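Overview (structure and organization)
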Amino acid sequence: MKNENKIIIYQVFTRLFGNNSNHCVYNGDIATNGCGKMADFTALALNEIKKLGTTHIWYTGIIEHATQTDYRRYNIRPDHPAVVKGKAGSPYAIKDYYDVDPDIATDVPERMREFEQLVLRTHTAGLKVIIDFVPNHVARQYHSDAQPDGTVELGVNDDTSTSFSPYNNFYYIPQTAFHGQFDMKASAPEPYKEYPAKATGNNRFDAYPNISDWYETIKLNYGIDYLNGGTCCFSPIPDTWLKMLDILLFWAAKQVDGFRCDMAEMVPVEFWEWAIPQVKEKYPHLLFIAEVYNPDEYHNYLNRGKFDYLYDKVGLYDTLRNVVCGYESATAITRSWQSLGGVESRMLNFLENHDEQRIASDFFAGNPHKGIPALVVSACMNTNPMMIYFGQEFGEMGMDCEGFSGRDGRTTIFDYWSVDTVRRWRNKGKFDGKMLTNEQKHLYELYRKILTISTKEKAITQGLFFDLMYANQNGWRFNDHKQYTFLRKHDNELLFITANFDSQPVEVAINIPSHAFDFMQIPQMDLYIATDLMTDKTEEICLLPYKATEISIGAYSAKVLKIMI
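Residues numbered from 1 in each chain as written. Predicted model: local features only at pLDDT ≥ 70, side-chain atom pairs only at ≥ 80, totals over all residues. Heavy atoms only, no water.

1. Looking at the sheet that holds strand S1 (residues 8-13)
Heads up, the rule is: When DSSP finds two or more bridges between two strands, those strands count as paired. By the criteria applied, helices consist of DSSP H or I runs no shorter than four residues and strands consist of E runs no shorter than two, each listed in order from the N terminus. Axes here mean lines fitted to C-alpha atoms, for a helix over just the part in contact, with angles spanning 0 to 180 degrees between N-to-C directions.
As summarised here, the arrangement of the eight strands in space is S1-S2-S5-S12-S13-S14-S15-S16, forming a closed barrel in which the pairing is parallel. When strand polarity is set aside, the average angle formed by the axes of neighbouring strands in this sheet is 30°.

2. Some thoughts on the sheet that holds strand S21 (residues 525-532)
Taking strand neighbours across the sheet as the criterion, the six strands line up as S17-S18-S19-S24-S21-S22 in an open arrangement whose pairing is antiparallel. Each edge of the open sheet carries a strand with a single partner, namely strand S17 (464-467) and strand S22 (537-543). With strand direction ignored, the average angle separating the axes of adjacent strands in the sheet is 30°. Inspection of the sheet shows strand S19 (residues 493-500) paired to strand S24 (residues 557-564) by eight bridges, in the antiparallel sense. Counted as the bridge partner of Asn 500 is Ser 557 from S24.

3. Observations regarding the nonpolar core
The test is simple: We call a set of buried residues a nonpolar core when its members are Ala, Val, Leu, Ile, Met, Phe, Trp, Tyr or Cys and they connect through side-chain atoms within 4.5 Å of each other. Here's how the labels work: a residue is buried when its accessible area is under 20% of the maximum for its type, exposed when over 50%, partly exposed in between, all with a 1.4 Å probe on protein chains only.
Ranked by size, the top nonpolar core spans 166 residues in total, and within it Phe 115, Tyr 484 and Phe 496 carry the most contacts. Ranked by residue count, the leading element in this core is helix H5 (residues 239-252), at eight residues. If you look at the next biggest cluster of nonpolar residues, it comprises 10 residues, including Ala 82, Phe 178, Ala 197 and Ala 207.

4. Things to note about the environment of Ile 510
Turning to its location among the elements, Ile 510 is positioned in strand S20 (residues 506-510). Along the chain, Ile 510 and Glu 540 lie 30 residues apart, while their C-alpha atoms are 14 Å from each other.

5. Brief notes about the pairing of S24
Where burial is concerned, most of S24 is hidden: six out of the eight residues are buried. Note: S21 against S24, three bridges, orientation antiparallel. Its bridge partner being in S24, Thr 531 is matched across the sheet by Lys 562.

6. Thoughts on the pattern of salt bridges
Formally: When a carboxyl oxygen of Asp or Glu is within 4 Å of a side-chain nitrogen of Lys or Arg, the pair counts as a salt bridge.
Per the stated rule, a full pass over the model turns up 29 salt bridges. Salt-bridge contacts for Asp 132 lead to Arg 260; the nearest nitrogen and oxygen are separated by 3.3 Å. One end of the pair, Asp 132, is in strand S5 (residues 128-133); the other, Arg 260, is in strand S12 (residues 258-261), with 128 residues separating them in the sequence. A salt bridge links Glu 273 to Arg 304, with the shortest nitrogen-to-oxygen separation between them at 3.0 Å. In this pair, Glu 273 sits in helix H6 (residues 269-282) while Arg 304 sits in helix H7 (residues 298-304), placing the two residues 31 residues apart along the sequence. The exposure class assigned to Glu 273 is partly exposed, which follows from its relative accessible area of 31%. Its relative accessible area of 35% is what places Arg 304 among the partly exposed residues.

7. Observations regarding the pairing of strand S23 (residues 549-553)
Only one face of S23 is buried: it carries Thr 549, Ile 551 and Ile 553, and the other face, with Glu 550 and Ser 552, is open. In the sheet, S20 pairs with S23 via five bridges, with the strands oriented antiparallel. Bridge pairing in S23 places Glu 507 opposite Ser 552.

Take a look at the structure:
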């Protein structure tokens with residue numbers, strides 16, 4: 001997929017972004033802790049997000065999901081608290097694929113109209129919209145009160161007397177009641193009841209999921225008979241395929257620009273191969289991003305499944321995290337991209353998202369500045385998309401104990417809460433910077449600088465890449481465990497990029513092999529004027545195959561030297 005513009009995705013948890021409460025209490029309800037709204041994404045807010053270098057916003061938690069908040073006065077069925085994680089509920093336990101979550105609406109009956117206005121505001125700001133598509137599972141008490149005319153709700157016509165049928169939308173444990181191995185009553189007067197029991201979202205095909213399972217969800221049936229050797233029954237087209245295609249087309253018609261497809265590898269690649277081309281026939285601009293964790297399936301989901309991009313979690317993310325924490329050598333970065341076998345440009349890079357621990361948390365680096373060299377590598381080493389998670393640019397720690405989500409280094413997706421750094425940045429919608437600390441402002445400027453470099457420099461958005469690490473192993477003045485260096489080039493613009501993961505400033509001497517000069521068509525000269533794009537300062541360097549190039553780099557920092565050749 002050739003894309004001359006670098007994609008920068010800003011993931012934001014919609015419910016948390018605009019919450020101004022600075023006195024949230026543990027496990028507090030919506031009345032106590034408050035909740036952000038779609039209306040909080042004002043034109044000013046969107047322009048501030050765009051300043052970071054953002055091209056796309058992934059609004060997480062748009063579609064209606066199970067919750068412990070009572071919306072019966074709006075004709076929304078309540079959920080039993082025993083099968084809802086946290087007071088607010090998980091955005092990945094979808095309760096109605098055709099509706100917007102009432103929590104994030106200012107006027108609940110107008111929630112779909114408010115979403116359409118959010119899309120329009122986002123587009124007016126020059127940004128594109130990504131939302132979640134959660135295809136593998138739904139909330140245990142799934143029910144659509146916004147089901148479009150001419151469509152049939154999931155499960156309504158299922159034959160519940162059989163464990164599997166390609167015509168069913170769910171899997172059943174016939175003649176067996178659901179017996180979750182957790183508190184089945186919670187705060188309700190009566191325990192949760194489900195008969196017959198349905199299979200649980202993480203492929204648990206019995207009636208006894210426990211607290212470590214995705215017990216609040218039920219697995220959707222795409223025509224695979226898991227209990228009989230995984231037999232595939234794809235002809236005729238399974239009923240679930242047809243219904244999920246309808247859902248994708250429904251949201252595509254709302255003018256969204258992409259779908260981040262949750263746990264896409266738990267859905268057969270044959271479905272994506274069938275569905276994505278049909279959606280793109282009507283909406284050719286749409287992006288499909290897959291959450292996939294099995295490298296053996298990367299080529300399958302890209303080539304056969306027709307996805308545009310895949311998560312690079314078990315490769316680059318895990319590698320950079322280990323390098324930042326000192327558990328692995330920077331030489332592992334080379335092995336990481338080489339292991340992708342040519343699909344590097346189709347991977348979505350990130351250092352944070354809602355599933356992962358915050359860089360600044362005690363569980364990761366404990367210091368947001370330690371992530372800067374990793375950000376430079378992640379954003380600049382290829383043409384592929386980069387994603388950041390709201391608050392990352394201010395060093396959000398994720399060290400609150402919010403409720404269902406404990407003190408685990410992550411920002412909760414289950415609870416009503418307010419994110420400290422984001423609240424300070426917003427300052428009640430003024431975005432004037434008055435509540436931010438100097439350190440937070442400095443970190444933000446680094447993020448803005450790096451992400452802007454990655455989107456504006458053609459050497460990064462379109463250029464060639466050359467990894468210099470093999471020529472600098474065991475270097476006398478280069479620590480290949482703590483520094484990573486590479487070249488990017490487009491036309492006559494060369495970027496010489498070196499990241500320093502060390503806690504100390506370093507003076508390094510970097511060897512550039514003859515092959516790099518040939519491959520990149522770099523004229524050999526003992527004097528070039530280079531501009532460090534991180535500081536806009538100039539310096540003199542040599543580029544010769546027989547003489548090392550000397551560069552000084554600060555602690556937890558990087559140099560992005562631009563040379564016109």
